[in-house]
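Tertiary structure, described
What follows is each chain in one-letter form.
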Amino acid sequence: MFRKLPGDETRTLVSTTPDTAVVFRPAVVKTPALVTIVIWLSRLVAGLVRLVVRHPVAVAIPVGLGVVWTLYGWRQALVLAGFLPSAGLSWLLLDRASFLRLVGWPLLAWWRLVTVYRRHWQPVMVVSGLGRHIRGRDYLPRLVRVECDGWADRVTVRMLSGQAVKDWADRTDHLAHGFGAPSCRVTVAKAGRLVLTFPRRDSLAEPLPAVPIPESAEVGAVEVGQCEDGTPYRLKVHGTHVLIAGATGAGKGSWLWSTIRGLLPAMRAGLVQVWALDPKRMELSFGRPLFGDRYAADPKECADLLDDAVSVMQERADRFAGLQRSHTPSVADPFVLVLVDEVAFLTAYQSDKHLRQRITAALATLTTQGRAVGVGVMAALQDPRKEVMNIRNLFPDKIALRLDESEQVDMVLGDGARDRGALADHISPVPELGAGVGYVRLEISPDPVRVRAAYVSDTDIRQMVAEYSGRSEAA
């Protein structure tokens with residue numbers, strides 16, 4: 001009887017005779033040898049095609065040497081093998097960018113795929129819980145491809161059916177340590193596919209010098225520093241509001257002064273006005289001549305200046321109503337950027353209840369209605385809790401510098417930001433390593449970007465004041 005039962009059905013049987021031998025015979029389907037051969041050949045051909053498409057350089061070199069060896073002999077193949085490194089070195093010296101794009105990074109991607117990711121894929125997936133081992137068979141997410149650039153590996157993965165992005169985001173530490181990377185970030189490529197970013201080095205480990213002052217007067221995105229991939233980062237300030245949160249010494253001043261520095265030509269041309277609120281009297285006061293009479297430090301003066309900004313906003317709204325829906329900076333209607341250093345001192349820690357209510361109401365009005373008429377707010381604070389800054393959700397673009405607790409990351413950047421790789425609580429407290437480093441989450445993208453703002457020194461600020469503190473050209 002037991003020999004006729006297929007599969008695991010014998011597990012449900014109970015024998016009362018101790019010496020009865022239970023014979024388990026799994027169900028076996030006999031496949032013709034021809035079908036098996038065809039399946040394996042098709043898999044082999046498909047694998048070779050994928051190898052050629054994904055790694056053309058790594059395949060072309062040995063194949064080319066093999067063809068030369070077959071047609072002309074081993075001597076010619078040896079000469080060609082010796083010529084290739086010299087030709088590659090010459091190409092690298094003459095045009096480094098094109099060599100790395102066409103040869104260097106594809107070769108590195110193939111090498112990392114073979115020696116790191118393909119080699120450790122199964123154990124990392126199973127141990128981290130992203131793979132499944134069912135009845136002796138492993139079900140693993142599929143490793144689609146590996147791409148490399150100057151600072152990181154980007155691994156494209158096809159998830160198992162039924163998996164969610166959060167399953168991977170919760171295991172970034174497992175993935176980083178499993179593949180020998182300092183960190184891991186998860187982004188969605190498309191439905192069912194993820195891109196895992198594994199940095200190989202920290203390109204933002206050293207302070208950046210102040211960005212040169214632009215030659216032309218423009219009110220577009222302002223270059224404030226550098227992205228993790230080495231490209232310049234431009235921060236949009238016109239048509240949005242920006243909230244910067246970070247612990248003491250995290251480098252909020254680098255973001256504020258880099259923004260001011262990038263707007264100096266437009267300020268001189270009369271296209272931009274920067275209104276500075278400096279309740280600490282330590283950061284923005286160093287360049288006070290740049291702001292003229294639009295600088296306030298006393299809480300009452302700050303409230304008055306904010307009320308003036310609200311008045312400008314409302315006057316423009318009355319004029320623009322029915323005529324235009326967006327603002328174009330001009331001398332008649334310049335872009336007004338309200339800078340607030342340590343906004344929590346005015347909205348939460350202010351002892352005068354009346355002033356606190358005035359300031360909070362003015363900031364709420366500006367952040368809800370100011371974008372369309374050319375009035376923007378850039379605010380910096382240390383404590384991102386809701387009871388300290390209850391209007392933080394009114395800022396479309398947010399920047400998280402070094403924070404003390406992991407929970408604060410989602411408070412600043414929104415739910416799920418830390419799971420997507422915004423490890424602001426892991427930024428180094430050493431100023432040389434972490435000051436100015438932060439994660440930017442824009443309104444148009446849920447994925448945070450790691451950026452370091454350039455350091456604007458006291459000498460740089462003095463030069464800015466000396467050159468740009470006079471009357472504007474428009475005046």
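A brief structural summary. Quick caveat: nothing in here was measured; it's all calculated off a predicted structure.

1. A word on the pairing of strand S16 (residues 449-453)
- For S16, the buried fraction is high: four of the five residues fall into the buried class.
- When strand S7 (residues 222-227) meets S16, the two strands line up antiparallel, connected through three bridges. Counterpart to Cys227 in the pairing with S16 is Val451.
- The sheet contact formed by strand S15 (residues 437-441) and S16 spans four bridges and is antiparallel. Looking at the pairing, Val437 lines up with Arg452 of S16.

2. Observations regarding the side chain of Glu228
- Mapped onto the elements, Glu228 comes out in the loop between S7 and strand S8 (232-235).
- Those residues in contact with Glu228, other than ones at most four positions away along the chain, are Trp151, Arg185, Pro199, Ser203, Leu204 and Arg450.

3. Section: empty space enclosed by the protein
- Enumeration according to the criterion identifies one cavity of 30 Å³ or more in this entry.
- Empty space within the largest cavity amounts to approximately 30 Å³.
- Together, Val211, Pro212, Glu223, Ser258, Arg261 and Gly262 line the largest cavity.
- Its residues placed into classes, the lining of the largest cavity shows two nonpolar, two polar and two charged.

4. Points about the environment of Ser254
- Among the structural elements, Ser254 can be located in helix H7 (residues 252-268).
- Residue Ser254 is classed as buried on the basis of its relative accessible area of 9%.
- Sequence spacing of Ser254 and Arg452 is 198 residues, and the spatial spacing of their C-alpha atoms is 9.0 Å.
- If sequence neighbours within four positions are ignored, Ser254 has contacts with Ala453, Ala454 and Tyr455.

5. Brief notes about the state of the cysteines
- Applying the stated criterion to the full structure yields zero disulfides.
- Cysteine Cys184 remains unbridged, with the sulfur of Cys148 as its closest cysteine sulfur at 14 Å.
- The class for Cys184 is buried, based on a relative accessible area of 4%.

The rules behind these values
- One numbering rule holds for all chains: residues counted from 1, following each sequence as written.
- Local features in this predicted model are restricted to residues whose pLDDT is 70 or higher, and side-chain atom pairs enter the listing and the counts only when it is 80 or higher, whereas totals over whole chains, interfaces and linings include all residues.
- With hydrogens and water stripped out, all remaining heavy atoms of the structure feed into the side-chain values.
- The buried label applies to any residue whose accessible area, calculated with a 1.4 Å probe on protein chains only, is under 20% of its type's maximum; exposed applies above 50%, and partly exposed to all values in between.
- Put simply, DSSP marks the helices as runs of H or I at least four residues long and the strands as runs of E at least two long, and each gets a number from the N terminus on.
- What makes two strands pair is DSSP finding at least two bridges between them.
- The contact criterion used is simple: two residues touch if any of their non-hydrogen atoms lie within 4.5 Å.
- Whether a set of points on the 1 Å grid over the protein atoms alone is a cavity depends on a 1.4 Å probe fitting there but being unable to get out, while an open set qualifies as a pocket with protein on both sides within 12 Å along at least five of seven lines; lining residues are those with an atom within 4 Å of a point.
- Grid points are joined across faces, edges and corners, and a volume is the space filled by probe spheres set on the points.
- Under the scheme applied here, ten amino acids are nonpolar (Ala, Val, Leu, Ile, Met, Phe, Trp, Tyr, Cys and Pro), four are charged (Asp, Glu, Lys and Arg), and all others, including Gly, are polar.
- When the sulfur atoms of two cysteines come within 2.5 Å, that pair is taken as a disulfide.

Don't take any of this as a statement about function, it's just geometry.
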